[in-house]
2 protein chains.
Amino acid sequence: MQKMKLYFSPLACSLATRIAFYEGGIDADYEEVDGKTKKTATGTDFLTINELGLVPTLRTKEGELLTENAAILQYVNPELAPRDPHLHQWLCFIGTELHKGIFAPLLDKKAPEEAKAYALAKVQSRLDWVAKRLEGRTTILEKLSVADAYLFTVLNWTIVTPIEIAKWPAIASYMKSMHARPAVAKAFAEERALYMKEQERQAS
Amino acid sequence: MQKMKLYFSPLACSLATRIAFYEGGIDADYEEVDGKTKKTATGTDFLTINELGLVPTLRTKEGELLTENAAILQYVNPELAPRDPHLHQWLCFIGTELHKGIFAPLLDKKAPEEAKAYALAKVQSRLDWVAKRLEGRTTILEKLSVADAYLFTVLNWTIVTPIEIAKWPAIASYMKSMHARPAVAKAFAEERALYMKEQERQAS
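The structure reproduced in this document is the subject of the present report. Just so we're clear, the structure is a prediction, and the values are computed from it rather than from any experiment.

Definitions and cut-offs
Sequence order sets the numbering: in each chain, residues are counted from 1 along the sequence as written. For this description, chains carry letters from A and ligands carry numbers from 1, given in the order in which they are written. For a predicted model such as this one, the threshold for reporting local features is a pLDDT of at least 70, and the threshold for listing and counting side-chain atom pairs is 80 or more; totals across whole chains, interfaces and linings nevertheless cover every residue. Excluding hydrogens and water, the side-chain values take into account all heavy atoms of the structure. Copy-to-copy superposition: least squares on the C-alpha atoms, limited to residues that have pLDDT of at least 70 in both copies. Between any two strands, at least two bridges found by DSSP are needed for them to pair. Strands are runs of DSSP state E lasting at least 2 residues, helices are runs of H or I lasting at least 4, and numbering of each runs from the N terminus. In this analysis an axis means a line fitted to C-alpha atoms, helices contributing only their contacting stretch, and an angle means the value between N-to-C directions, from 0 to 180 degrees. Contacts were defined at the residue level, with two residues in contact if any of their heavy atoms lie within 4.5 Å. Working rule for angles: under 35 degrees goes down as roughly parallel, over 145 as roughly antiparallel, 65 to 115 as roughly perpendicular, anything else as oblique. Each residue gets one label: Ala, Val, Leu, Ile, Met, Phe, Trp, Tyr, Cys and Pro are nonpolar, Asp, Glu, Lys and Arg are charged, and the others, such as Gly, are polar. Using protein atoms alone on a 1 Å grid, points that fit a 1.4 Å probe yet trap it form a cavity, whereas open point sets bounded by protein on both sides within 12 Å along at least five of seven lines form a pocket; residues with an atom within 4 Å of a point count as lining. Grid points are joined across faces, edges and corners, and a volume is the space filled by probe spheres set on the points.

1. Concerning the relation of the copies chain A and chain B
Right, so step 1: Turning chain A through 180° and shifting it by 0.0 Å along the axis lays it on chain B, with an RMSD of 0.0 Å. The symmetry that links the two subunits is that of a two-fold axis. Within chain A, Ala115(A) has its C-alpha nearest the rotation axis, a separation of 2.2 Å.

Set out below in structure tokens:
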């Protein structure tokens, strides 16, 4: 058994895994992957580790590679991953409808304007659905789960899109409450600092 | 406890759930949803059942509504859903990278050409990844799982896209082997017949 190692890019969806680690007080190694050059912090070509170049990628306790956010989240912190079909439902919804259906094209500088417009057309119905669930709640399920780590991470991206979270008060209030959690605030602050450095590197 | 009920549209991703039922010999009710009018076979407005109008939607044994393919698949046939992080990995990959990232825009008549081109650009790397996994195998994991039901369903859609599965012999051979399973062939043949009827209805 070895320590788990997370390959991440600052503020990418791998932030959810960091939150899951911090919430559980779980010690792990972290290696940054530059989203543009695909080089890791130790100079390794990340494509030799994961040929699709996607983060999060996890080296498990058994030394195997595990990819895909929903899989990694449930693996790294089982306490926050109850065997509840609704956990799968929300992980799947966040991954397909929000992350891939809306944010992936919006955040991709190479995506054509029409692909972004196509994505934006789905925002209202999808966030209405999320807001309905979060009405009067501070977590998606009965208590904190890895779905919250993922939802918080994805909805943070709205700040660099035309989506205004304030239009959905239940979501705005949920985000505030999540950010007030010490583990979440720590994970976010650390990755935000790394993100600023990455932006500086890429600009120079 | 009541019988489970699946809301489906012919050959949509809900076919995976039907395959999971048939593979397990599990008795369930099925109600067709017209993808265009969103009316169910009994004349109900499906949006009053699932406001996003998405299939599969399942009424569980407990009478609750469950949505999202990965969640429903694991719920309906636990025998084909081992507690293996790689099952989650593949369900997530198929749902995000293939279904949402590639096929959703390709199959949507309202999607702009640029959104389709953006999706098509990802086909090579994603199907290379799938083909690498399937090399010399007839199932994604060690034995049949719900991930196979989902992958078979999604890859069937290639026939109405410019994607030529024959370019990836490992995938072509996998599809043939999946289709040779009696439960898969039965589910596919039934939904194909319903699909033809739906096309006739929509054309008239």
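2. Side note on the sheet that holds strand 2 (residues 29-32) of chain A
Residues and elements named next belong to chain A.
Right, so step 1: Strand order in the open sheet formed by four strands is 2-1-3-4, and the pairing between neighbours is mixed. In the strand order of this sheet, the two ends are held by strand 2 and strand 4 (65-67), each with one partner. Direction aside, neighbouring strands of the sheet carry axes that sit 20° apart on average.
Right, so step 2: When strand 1 (residues 5-8) meets strand 2, the two strands line up parallel, connected through four bridges. Directly across from Phe8, in strand 2, lies its bridge partner Glu32.
Right, so step 3: This element, helix 1 (residues 15-24), spans strand 1, strand 2 and strand 3 (57-59) of the sheet and lies at about 145° to strand 1.

3. Things to note about the packing of helix 3 (residues 85-107) of chain A against helix 2 (residues 69-76) of chain B
Right, so step 1: As a packed pair, helix 3 of chain A and helix 2 of chain B sit with axes 7 Å apart at the nearest point and diverge in direction by 155°. On the basis of their axis angle, the class for helix 3 of chain A and helix 2 of chain B is roughly antiparallel. Seen from helix 3 of chain A, the contacting residues are Pro85(A), His88(A), Gln89(A) and Cys92(A); seen from helix 2 of chain B, they are Asn69(B), Ala70(B), Ala71(B), Gln74(B) and Tyr75(B).
Right, so step 2: Grouping the amino acids of the contact of helix 3 of chain A with helix 2 of chain B by side-chain chemistry returns five nonpolar, four polar and no charged.

4. Concerning empty space enclosed by the protein
Where empty space is left can be seen by rolling a probe of water-molecule size over the atoms.
Right, so step 1: Summed over the entire model, instances satisfying the criterion amount to three cavities of 30 Å³ or more.
Right, so step 2: Taken together, 18 residues make up the lining of the largest cavity; nearest its centre are Lys100(A), Pro105(A), Lys100(B), Gly101(B) and Pro105(B).
Right, so step 3: At the level of elements, helix 3 and helix 4 (113-120) of chain A together with helix 3 (85-107) and helix 4 (113-120) of chain B are the ones that each hand at least two residues to the lining of the largest cavity.
Right, so step 4: When residues of the lining of the largest cavity are assigned to their parent elements, the largest contribution, six residues, is made by helix 3 of chain B.
Right, so step 5: Residue classes in the lining of the largest cavity are distributed as nine nonpolar, three polar and six charged.
Right, so step 6: In terms of lining, the second largest cavity is formed by 15 residues, of which the most central are Ala70(A), Cys92(A), Ala70(B), Leu91(B) and Cys92(B).
Right, so step 7: Counting residues per element, the ones that place at least two in the lining of the second largest cavity are helix 2 (69-76) and helix 3 of chain A together with helix 2 and helix 3 of chain B.
Right, so step 8: Residue composition of the lining of the second largest cavity, grouped by class: seven nonpolar, eight polar and no charged.

5. Some thoughts on the sheet that holds strand 4 (residues 65-67) of chain B
Residue and element names in this part refer to chain B.
Right, so step 1: Ordered by their spatial adjacency, four strands build an open sheet running 2-1-3-4, and the pairing between neighbours is mixed. Because the sheet does not close on itself, it has two edges, and the strands there are strand 2 (29-32) and strand 4. On average, adjacent strands in this sheet sit at an angle of 25° to one another, irrespective of strand direction.
Right, so step 2: The strands touched by helix 2 within the sheet are strand 3 (57-59) and strand 4, with strand 4 carrying the most contacts at an inclination of about 120°.

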